[in-house]
Amino acid sequence: MTRLRTTAVHGGRDDLADLGVHALPIDLSTTYPIPDLGEGGHALQHLAEGAAHAASPVYSRLHNPTVARFEQALAALEGTSAAVAFGSGMAAVTAVVQAACVLTGKPHVVAVRPIYGGTDHLLSSGLLGVRTTYATADRVADAITPDTGLVVVETPANPNLDLLDIAAVAARAGGVPVMVDNTFATPVLQNPAALGATYVLHSGTKYLGGHGDVLGGVVACAEEHAGPLRQVRIITGAVLHPLGGYLMHRGLATLPLRVEAAQRTATDLAARLDAHPGTGLVRHPSLPGADPSGLVGTQMRGPGAMLAFTTREDPTAVVRRLRLVTPAVSLGSVDTLIEHPAALTHRLVPDTAREESGVPANLLRLSVGLEDVEDIWDDLDQALSGGCEEDYIKSSSSDFRERVASH
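Note that this is a predicted model, so its numbers are computed, not measured.

## Some remarks on the environment of arginine 347
Among the secondary structure elements, arginine 347 is positioned in the loop between strand E11 (337-339) and helix H13 (351-356). Measuring from C-alpha to C-alpha, the distance between arginine 347 and glycine 297 comes to 33 Å, with 50 residues separating the pair along the chain. For arginine 347, the side chain forms a polar contact with the main-chain oxygen of alanine 343, separated by 3.0 Å.

Here's what the structure looks like:
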């Protein structure tokens, strides 16, 4: 069994030598020749029933070799027997709900907030014919009914970095499948399937692609759960374009290095932000009190590269003063991104529910990139300090220096 960095580089590339190529090939075919119609018909039947492979791909909505290589690589990193890729992270979430709830006739979901705002809105909208009960992690068992088909959690949570004990949630779920959104942690830092999760979801748009230039989603799971996901993908057409599969597969090779580098910077920035007079609450798993259950070092292999903080003044004013950090939704890119959840990613979550789940209106979410830490800090510092009164800055400066030094 190879180690993480080696798997990241070599996963999903087993057939390249036989093909006589070194770089990942991109198969852009929309259809494939079928000399033997009988064989082609059997292949179509097998793929439509959820098979991973068949004698012929037949049609790109049924199967694509480039996408399949990416799926194999991601499954290897997550330690599952299969993975199924989709055209976006939300398409992947939708497919899991359809496979776990709609196809099984169990139209009830239990979800733990906060989760990504798009997922939250989908689950509460009724669009997929399911109803959702939101519960705290310790009350998941109480919320489950005979009609429950899925439990949905995200850890670290989007956007406030709450940590949940995945094994504990899976135990409370009993036999109900658990979907863990692993986008923030990536398989570099956390493998939920080993802790009892049935579905491990990634918005591949984020860290897996890593460069802000590809849209995609993927679910790692056991083969028995992958079949229904493939059926949903074929019927709904929620396929990943081959170029997207190529870009995310290529991104996996550098994923450990990018995550580890950004994590170091995020840990440094979290300590500095925690000491800054312009911030209130700072959230990062490395900070004192942020991980009361000791999940970093057990469940997670590190605190990650995402952080969040509240501002003393209007967050819009703080963001407006930034010059290096990019104000934008999404995350996991090589450049540092900042966004205002209440106004953007979690805008469609009811205000009361958002506040009660630990996402205040003045919270900013920061996705730390690969720039020099001092350049990122200089930008954040000037943006946070620009709105403070001069006498407040002077009175706080000595205390600020002492707090920074203590970290």
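## Looking at the packing of aromatic side chains
Summed over all chains, the structure comprises 0 aromatic pairs. A cation over an aromatic ring shows up here: arginine 113 above the ring of tyrosine 134, its NZ or CZ 3.5 Å from the ring centre. Taking NZ or CZ as reference, lysine 206 lies 6.0 Å from the ring centre of tyrosine 116, over its face.

## A few points about the sheet that holds strand E6 (residues 199-203)
Sheet architecture is open: 7 strands sit in the order E1-E7-E6-E5-E4-E2-E3, paired in mixed fashion. Each end of this open sheet is capped by a strand with a single partner; those strands are strand E1 (82-86) and strand E3 (131-134). Sheet twist, expressed as the average angle between the axes of neighbouring strands with direction ignored, equals 20°. Here helix H5 (residues 89-102) sits on the sheet and contacts E1, strand E2 (108-111), strand E4 (148-154), strand E5 (178-181), E6 and strand E7 (217-221); the angle it forms with E6, its principal contact strand, is near 160°. With respect to the sheet, helix H6 (residues 117-125) is in contact with E2, E3 and E4, its orientation differing from that of E3 by roughly 125°.

Reading the values: the criteria
- Residues numbered from 1 in each chain as written.
- Predicted model: local features only at pLDDT ≥ 70, side-chain atom pairs only at ≥ 80, totals over all residues.
- Heavy atoms only, no water.
- Helix = DSSP H or I, 4+ residues; strand = E, 2+ residues; numbered from the N terminus.
- Polar contact = N/O pair within 3.5 Å; in protein donor to acceptor, adjacent residues only side chain to side chain.
- Phe/Tyr/Trp six-rings, centres within 6.5 Å; stacked < 30°, edge-to-face > 60°.
- Lys NZ or Arg CZ within 6 Å of the ring centre and 35° of its normal.
- Pairing = 2+ DSSP bridges.
- Axes fitted to C-alpha atoms, helices over the stretch in contact; angles between N-to-C directions.
- Contact = heavy atoms within 4.5 Å.

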